[in-house]
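What follows is the residue order along each chain.
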Amino acid sequence: MSVELRMWRPEDAEAIVAAVDDPTTRRYLPMLSVPYTHADALSFIERGANERAVIDGATGEVLGCIGFIPRGPGVASVGYWVTPAARGRGVASAALGRLSQELFKGEFHRLYLEIEAENIASQRVAVAAGFVREGVARGGGRRPDGSRFDMVVWARLDDDPAGPSPRALPDLPGGRLTDGVVTLRPLVPADAEPTYTLRIRPDVSGRSVAAAPLDLAVVERQCAESASKWLAGQRAELTIRRASDEEYLGEIALFYSEPALREAMIGYGLTPEARGHGYASRAARLVTDWGFEIGMARMVAGTAVDNVASQRVLEAAGYHREALQLARLPGPDGGRIDNVAFAKVRPSDT
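Since we're looking at a predicted model, the values are computed, not measured.

Caption draft 1: Geometry of empty space enclosed by the protein. For the structure on display, the rule yields one cavity of 30 Å³ or more. What lines the largest cavity is Val-54, Cys-65, Ile-66, Tyr-80, Trp-81, Val-82, Ala-92, Ala-95 and Leu-96. Only strand 3 (62-72), strand 4 (75-82) and helix 4 (91-104) provide two or more residues apiece to the lining of the largest cavity. Its residues placed into classes, the lining of the largest cavity shows nine nonpolar, no polar and no charged.

Below you can see the structure in the form of structure tokens.
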């Protein structure tokens, strides 16, 4: 699709009202008036010197909005929205790329976005437009009730290379990993309840590095923000499901703990009903093989000394026992416990 940017015109007011009235658009523009009227749209057009209409280059249809705010010498923040009908067509990333080129030809050398952690679609736009994740602006967002929330900061400099920004943890091929018996899918908000039910079990929380049960609100937030951490290259969290009927069996994650060494760690947990069927070792093999495919040199894992079942899982997945690490793990009683360290090396490196 050919995307162009132009200044807003009074005749665009109805298109703006229709877009802002969409629940998804309003979800990320919470400070706009309710209801948003034709007069509000005209006022926006009149004062929007730094706002651009995003239009279909062939038809002239309004597809969205993009604009910037100068934040100091050579620096500007950028924001955008896209109409419901235009989503999923690369409109926002194309518009962001065009506006970035325009601003870099002028006085700006740094552009940045602040995006709510749960707004995965917008973060994917940032990646596609060559922006790089820099960190988290704690309390950077504000809701209509005055409460604050964190924002993820993405930025691009005028001399950054063209094209999408590199990702340490790419998407799964086809959106999943499977061996025909188990299927691994990215953790999503809908997985909060079964994940919470699994994590609060004493035999799971007591074996976790976190070593403490979590409440449902915490797990819901973690599931909602999981894709953001994946895009950041920090971790890939997945659910383990039976391939034949998609039954939830547990969870597994790859933690990219040592990028400089190209070493990642895996951790997993199964529901009681799923244990003893080889599902965990199958999941571990799938994640480990994917890790090697995307460039990991070593995959590691660890268990408490008495967790013989987990040690058998790792051995079945091709891991080798390397060492006993004294007081490596937090214990359920606030103390420290020893860790049995396992590792698997990429076959081409052995």
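On we go.
Caption draft 2: How the structure looks around the environment of Arg-89. With respect to the secondary-structure elements, Arg-89 resides in the loop between strand 4 and helix 4. Residue classification places Arg-89 among the partly exposed positions, given a relative accessible area of 38%. Within the structure, the side chain of Arg-89 is placed 2.9 Å from the backbone oxygen of Ala-85, a separation counted as a polar contact.

Caption draft 3: Region of the structure containing unusual backbone geometry. Backbone geometry places Arg-262, a non-glycine residue, at a positive phi of 55°. With respect to the helices and strands, the residue Arg-262 is situated in the loop between strand 11 (248-258) and strand 12 (263-270). You will see that Ala-327, though not glycine, has its phi angle at about 50°, which is positive. When its relative accessible area of 37% is taken as the criterion, Ala-327 is described as partly exposed.

Caption draft 4: Quick peek at the pattern of salt bridges. All chains considered together, the criterion is met by 16 salt bridges. In this structure, Asp-191 and Arg-241 form a salt bridge, with 2.7 Å as the shortest nitrogen-oxygen distance. Of this pair, Asp-191 sits in the loop between strand 9 (182-186) and helix 6 (192-199) while Arg-241 is found in strand 10 (residues 235-242), placing the two residues 50 residues apart along the sequence. For the pair Asp-191 and Arg-241, a shared accessibility class is recorded, and that class is buried. Asp-245 is the salt-bridge partner of Arg-242, the closest N and O atoms lying 3.0 Å from each other. Assessed through its relative accessible area of 26%, Arg-242 is described here as partly exposed.

Cut-offs and rules
- Counting starts from 1 at the beginning of each chain's written sequence and moves along it residue by residue.
- Two thresholds apply to this predicted model, a pLDDT of at least 70 for residue-level local features and 80 or more for giving and counting side-chain atom pairs, whereas whole-chain, interface and lining totals are computed over all residues.
- As a rule here, side-chain values come from all non-hydrogen atoms in the structure, and water together with hydrogens is ignored.
- In the cavity and pocket records, a cavity denotes points on a 1 Å grid over the protein atoms alone where a 1.4 Å probe fits but cannot get out, a pocket denotes an open set with protein on both sides within 12 Å along at least 5 of 7 lines, and lining residues are residues with an atom within 4 Å of a point.
- Grid points are joined across faces, edges and corners, and a volume is the space filled by probe spheres set on the points.
- Numbered from the N terminus, helices here are DSSP runs of H or I no shorter than four residues, and strands are runs of E no shorter than two.
- Gly falls in the polar group here, along with every residue not listed as nonpolar (Ala, Val, Leu, Ile, Met, Phe, Trp, Tyr, Cys, Pro) or charged (Asp, Glu, Lys, Arg).
- Only protein chains enter the accessibility calculation, which uses a 1.4 Å probe. A residue is then buried if its area is under 20% of the maximum for its type, exposed if over 50%, and partly exposed in between.
- Definition of a polar contact: a pair of N or O atoms within 3.5 Å, with one able to donate and the other able to accept a hydrogen when the atoms are protein atoms, and with sequence-neighbouring residues admitted only if both atoms are side-chain atoms.
- Here a salt bridge means any side-chain nitrogen of Lys or Arg lying within 4 Å of a carboxyl oxygen belonging to Asp or Glu.

Purely geometric stuff here, so don't read any function into it on its own.
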